[in-house]
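Understanding the architecture of this molecule
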Amino acid sequence: MPSTDKAIEELTGIQSVDIEAALDPAEPDGVYRDSRECAALALLSADTKLLLSPPTPRPKKG
Amino acid sequence: MEQSGTSALLQGAVQDLSSDVVSALRGGDHVRVAGTGAVDGLAGGLAVAAVRVLGADLLLPHILSRTPAAPEALTVFRQTVEAFPPRADAAPIVVWSHWAMSRTLRRLDAPQAGSPAGDEGAEPEAGWLDEATWPFLTHQLAVLAPLAVPGEDCAVARVARSRPVDLARGFVRAVRRRDWQQAAGAGRWLTLLDGVPDTLGLETGLDFVELMGGSDPRVALQVEAARAMRWTGAFV
């Protein structure tokens, strides 16, 4: 392990695995908008239909 | 997801550094790189680890404005590149992040024999993106947003250029999921790409991302980077 890396680990407890985890994060769970945020978006995108259209309906199977 | 104390500490330091970069992008000033004056103190050591996590974006203001970085910032950046080489079994994102730092160093630092700045640095492979679904592609590209730099080509940038519509879909998905960091990173890539659907409303979308997520300096950094690139009118 390079000396600088070792010094950092000793001083801060930060290990390579912490750094690699920060560099390669898993995708967080999605949290969807509430109506207040939708209203803010509508104000921002008055001239377009940006992001406001609902997902395209898909036929149900079975 | 709950973070360990160490991870939270590191993320806080990354946010502090990101704030410095945002200030530099907005004001055209030097990146200050607060707390990295020495690596032999707790704050210094933590900040150097944060430099590795923030990666090439630390010196982005100087890349975009074509101005020299402060010698202290460049020294810390070089030390970080040398101190944190990717392991042989590191994930592609970790390898590419390190390669991006080396590339930035080559552009801003005078080459020195035996130093990362002097190495040509063989480009890593991007094969893990070949069959990537559009959500996965967007997530990976957003994490690798420091590679989205005008006038710089690499295998990851070529993948992005080949899939602008998929990336646009991923941008919308990220906004819907309130994943502001992913949305901002994807938006930065889209700013540089041809073939992005006009109906996406990218500029307005980035405004929205900033409105909702801009309190996180890492999000603000990507939005500011996208704006700076748009103003320069540069393309990958």
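Everything quoted here is computed from the prediction, not taken from an experiment.

Turning our eyes to something else, we now look at the overall build of chain A. Counting its secondary structure elements, chain A contains three helices and zero strands. When the elements of chain A are put in sequence order from the N terminus, they spell out α-α-α.

To continue, consider the overall build of chain B. Within chain B, the regular secondary structure consists of 11 helices and zero strands. Helices and strands in chain B line up, N terminus first, as α-α-α-α-α-α-α-α-α-α-α. Expressed as a percentage of its 236 residues, the buried residues of chain B come to 51%. In chain B, the proportion of contacts linking residues at least 24 apart, taken out of those at least 6 apart, comes to 70%.

What helix α7 (residues 155-162) of chain B keeps buried is the set V156, A157, V159 and A160 of chain B. The arc that holds the buried residues of α7 of chain B, viewed along the axis, is 155°, so those residues lie on one side.

Here we take up the domain arrangement of chain B. All names here are of chain B. Entries for chain B in the domain assignment read domain 1 (1-124) and domain 2 (125-236). Across the contact, 21 residues belong to domain 1 and 19 residues belong to domain 2. At the level of elements, α1 (5-27), α3 (60-65) and α5 (92-108) are the ones that each hand at least two residues to the side of domain 1 that touches domain 2. Counted by class, the side of domain 1 that touches domain 2 contains 13 nonpolar, five polar and three charged residues.

All names here are of chain B. Helix α10 (residues 202-213) packs onto helix α9 (residues 180-192) with a crossing angle of 150° between their chain directions and a minimal axis gap of 10 Å. When the interaxial angle is binned, α9 and α10 end up roughly antiparallel. Seen from above, α9 lies across α10 with left-handed handedness. For the pair α9 and α10, contact is made by W180, A183, A184, G187, L190 and T191 and by L202, G205, L206, V209, M212 and G213, respectively. The residue makeup of the contact of α9 with α10, split by class, is eight nonpolar, four polar and no charged.

Residue and element names in this part refer to chain B. Of note in this structure, R66 is not a glycine but carries a positive phi near 55°. Within the secondary structure, R66 sits in the loop between α3 and α4 (71-83). Even without being glycine, R178 reaches a positive phi, approximately 60°. By the secondary structure assignment, R178 is in the loop between α8 (164-176) and α9.

Per-residue pLDDT for chain A has a mean of 67; in total, 32% of the residues score no lower than 70. Element-level mean pLDDT values for chain A span from 57 in helix α1 (residues 3-12) of chain A up to 87 in helix α2 (residues 16-23) of chain A.

Here we come to the environment of S19 of chain B. All names here are of chain B. The residue S19 is located in helix α1 in this model. Overall, the presence of 16 C-beta atoms within 10 Å leaves S19 in the partly exposed class. Distance in space between the C-alpha atoms of S19 and V51 is 12 Å, their sequence separation being 32 residues.

Let's shift gears to the environment of L211 of chain B. Residues and elements named next belong to chain B. The topology assignment puts L211 in helix α10. By C-beta crowding, L211 is classed as partly exposed, having 16 other C-beta atoms within 10 Å. Taking the C-alpha atoms as reference, L211 lies 9.9 Å from W180; in sequence the two are 31 residues apart.

Moving on, we come to the packing of helix α6 (residues 134-143) of chain B against α8 of chain B. Residue and element names in this part refer to chain B. The geometry of α6 relative to α8 is characterised by a closest axis approach of 8 Å and an angle of 80° between their N-to-C directions. Taken as axis vectors, α6 and α8 run roughly perpendicular relative to one another. Taking contact as the criterion, the partners of W134, P135, L137, T138 and L141 in α6 are, on α8, D166, L167, R169, G170, F171, R173 and A174. A per-class count over the contact of α6 with α8 returns seven nonpolar, two polar and three charged.

Residues and elements named next belong to chain B. This prediction gives chain B a mean pLDDT of 88; 85% of its residues lie at or above 70. Low pLDDT (under 50) marks residues 35-39, which in the prediction has 18 contacts with non-local residues, meaning those over four places away or in another chain. This complex was scored by the predictor with a pTM of 0.82 and an ipTM of 0.80.

Calculation rules
In every chain, residue numbers begin from 1 and rise along the written sequence. Each chain gets a letter, beginning with A, and each ligand a number, beginning with 1, in the order they are written. Where local features are concerned, this predicted model is filtered to residues with pLDDT of at least 70; where side-chain atom pairs are given and counted, the filter is 80 or more; whole-chain, interface and lining totals use all residues. Put simply, DSSP H or I for four residues or longer makes a helix, DSSP E for two residues or longer makes a strand, and each gets a number counted from the N terminus. We call a residue exposed when 12 or fewer other C-beta atoms sit within 10 Å of its C-beta, buried when the count reaches 20 or more, and partly exposed for counts in between; the C-beta positions come from the backbone. C-beta atoms are first placed from the backbone for all residues, and any pair lying within 7 Å is then listed as a contact. Directions pointing from the helix axis toward each C-beta atom define the arc. Annotation comment: domain bounds sourced from an automatic or database domain assignment. The classification used treats Ala, Val, Leu, Ile, Met, Phe, Trp, Tyr, Cys and Pro as nonpolar, Asp, Glu, Lys and Arg as charged, and all other residues, Gly among them, as polar. Every angle, taken between N-to-C directions, lies between 0 and 180 degrees, and every axis is a line fitted to C-alpha atoms, over only the stretch in contact when it is a helix. When an angle is under 35 degrees it counts as roughly parallel; over 145 it counts as roughly antiparallel; between 65 and 115 it counts as roughly perpendicular; any other value is oblique. Should the near helix be turned counterclockwise from the far one by less than a right angle, the crossing is left-handed, whereas a clockwise turn marks it as right-handed. Note on scores: pLDDT gives the predictor's confidence for each residue, bounded by 0 and 100.

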